[in-house]
Amino acid sequence: MNQAACPGSSGAGTMKSKGLTYFFQLILLVLLFFAAPGINAQMSEKKVVMISIDGTPDFLIDKYLSNGVLPSNGAFARMKKKGATAERVFPVNVASTGPSHVSIFTGASPGTTGIVGNTFRKRDQPWGSPSLTAFRQHIAVETIFQAAMRQGKKVMAFGGVGLDYLSDNRKTDYLHMYPIFAGPSLVIDLVRTDTVYTDTHGKRYIQLKAASNSPSSSLIEMTNKIQVPLKIYVTDSALNDANILRPLPQVMIDTDNDLANGFTVSVVPEKWAEVAFEKNGRLYNTSFRIFKFDTVTGRIRLYLTAPVEVFGHPSGFLQKIQASCGLWPGEPDHGKQTTGLVPEEIWFEQLDRLAKYSKDMILAGMKEKDWDLLFGYFSTLDDVQHRYTLTDPRQIDYTADHGLRPRIYAEHIEKRFQLVDRYLLEIMNAAPEGTNFIIFSDHGMIPIHTCLLLGNYLVQAGYPDFTEEIVSASSGNSAHIYLNRERIKPDQSAAYLELLRQRLIALKDEKTGEPVFELVANRDEQKKYGLFNEDYSGDLFVSCKPGYSIYDRYLPGVKFLVHNTFDPDLFANENAATKKFLFNGGMNQTGRAVHGCLATVREGQSIFYSWGPDIPSGKLKKVFSIQIAATIAKILGIQPPVAAEGDSIF
């Protein structure tokens, strides 16, 4: 109804009502003005959890979501339905753990970061010196972690390439460094001695010693000439199990040789026991496990994981994480599984223990109040695929176990994808309200049937003295090749390189006759692939076609093309030199799957999954891994790292 037409209405009353309304609006505006800083601060408190799931191919996630291996209510399914996911992600060249992670963290290509491979060389380093590693090498540009801290954000990191104690700019506000291997693992066969120690309570302990044919001695030998002698004893204790007393044998281990202050650790069958010790001001972790315990003969097989150096920042953060999660459990022991010293079931125990520890660290970190960006890392899927990918009929394991091995191995991989999916869901459900998740991988995985021994091929191709003229540094499927400038003068190098290039191009597969290399690139050609760095790139860069890996040293007595496997029964008929090579081969040389390929190789492409209140839902087509740093910066409301080449994904 129109107020002007209403009998008895008063214009003065209307004006008074409006005046009161304006007054209260003014009061509200004043209150909002003074409250605005707090409100704005609350609205701008955005958190990002970025998690790297090493070695995860996007096509496998798609396959497992479509066939039900990954559940419809799991983490990946949630992100695919409600978040933003990429149809395919192009990693950098080369797609390997070190260069890929550094480029993701910086948003810059390897040619800019200086990290051009998992291993590489500096052009002016002494000829006989070892190659450099991406995991400890200086990064030439700023990372997302440094950019966030520079702009007032608090950063927490659990592992990560380039995150350690080497310099202040490699530390985050809160850091649990990915541990550094400090020595080999041990498998000790122990026998009883006549020496008995009796404690103050009258309990007797029989001293053990390494048997004459033991694979390892009872001495931990680490870098920097650190030695830790182990004093090992055995005793019996009782365990009340369902009101039935039964003896429970225990192995008691001491690391300081002072039994008066007690033993360092007690180990019982079927259980892991972790140990922390300090030497020369540095902290180390290792774990013990009893493999065999013969109560009749008294013989015991004791296993010790490779000791690692652990580090946290600031003071007390490492101890806080360890109080919540326990000590670092160790990585799965690839080498000793191949030789049979570590049983397969123990290898899987190690794999799963490390996955749980990685998850527990992230959960513990999220409980802290003062963080904006948290980085976590899972190596689980990388490890299991290196060892158990069996999808190419040319792999010599493919027909093993009466043709059942591919299915058996596939189930091992599927189980670990399910495990990681459950852990991601647990992390997402436990995160503070409003947390955004960026889940990515550094590369995919390529099934491998043949390892190329590059040095052995060069000798056959007419370079008998190649070790004095040529050195290579491999990253799985690819390698940088460097010339010795003291032996090959500048006026000779162009002709020398071109001849070498032609001989590499001429390398053919012995069965198919097809070229082994997908790319043989000089320094100018490397620029097209984002690989050229004046200080670190090779004079040539080679990348194999899918199915091949590269071993970069010369091994007399070994053919230059070797069909690789971790199963000794399948190379039992090879000569002694080849057997030794396969027994000692690394995961990136003789693994059943490797990485280090060009970004265009489909199996080597990676994942991008995201979910959270600031993530627009939808399917993304083509994404580049160097866009991830800028994406995280946009969510946090900061500028990306200064050298970032990629824009935000959304």
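Attention in this report is confined to the structure presented alongside it. Note that this is a predicted model, so its numbers are computed, not measured.

A closer look at the layout of surface pockets
1) Next: The space that makes up the second largest pocket amounts to roughly 280 Å³.
2) Next: Along its surface, the second largest pocket is lined by 19 residues, and Leu60, Lys63, Tyr64, Thr389 and Thr391 are the ones closest to its centre.
3) Next: When contributions to the lining of the second largest pocket are tallied by element, the ones reaching two or more residues are helix H2 (58-67), helix H10 (380-388) and helix H11 (405-430).
4) Next: If you tally residues by element for the lining of the second largest pocket, the top one is H11, at six residues.

Structural notes on unusual backbone geometry
1) Next: The peptide bond linking Asn93 to Val94 adopts the cis configuration, its omega dihedral lying at 0°.
2) Next: A cis geometry characterises the amide bond from His313 onward to Pro314, with omega recorded as 0°.
3) Next: Following the sequence through the fold, Pro314 ends up in the loop between strand S19 (312-313) and helix H7 (317-325).
4) Next: If you check the backbone angles, Lys225 has positive phi at about 60° while not being a glycine.
5) Next: The topology assignment puts Lys225 in the loop between strand S10 (219-222) and strand S11 (226-229).
6) Next: One non-glycine residue with positive phi stands out, namely Glu270, at about 70°.

Side note on the pattern of salt bridges
1) Next: Summed over all chains, the structure comprises 32 salt bridges.
2) Next: Across the salt bridge formed by Asp189 and Arg301, the nearest N and O atoms sit 2.7 Å from each other. You can see Asp189 sitting in strand S8 (residues 186-198) and its partner Arg301 sitting in strand S17 (residues 300-304), a full 112 residues away along the chain. Take Asp189 and Arg301: they sit in the same class, and that class is buried.
3) Next: For Asp539, the salt bridge goes to Arg485, with nearest N and O atoms at 2.2 Å. Of this pair, Asp539 sits in the loop between helix H15 (523-526) and strand S27 (540-544) while Arg485 sits in the loop between strand S25 (478-483) and helix H14 (490-505), and the two are 54 residues apart along the sequence.
4) Next: The buried category is assigned to Asp539, whose relative accessible area is 2%.
5) Next: Counted as one network, the salt bridges with shared partners bring together Asp397, Asp401, Arg405, Asp567 and Arg592.

Calculation notes
- Residues numbered from 1 in each chain as written.
- Predicted model: local features only at pLDDT ≥ 70, side-chain atom pairs only at ≥ 80, totals over all residues.
- Heavy atoms only, no water.
- 1 Å grid on protein atoms, 1.4 Å probe; cavity = no way out; pocket = protein on both sides within 12 Å on 5 of 7 lines; lining within 4 Å.
- Points joined across faces, edges and corners; volume = space filled by probe spheres on them.
- Helix = DSSP H or I, 4+ residues; strand = E, 2+ residues; numbered from the N terminus.
- Salt bridge = Lys/Arg side-chain N within 4 Å of Asp/Glu carboxyl O.
- Buried < 20%, exposed > 50% of the residue type's maximum accessible area, 1.4 Å probe, protein only.

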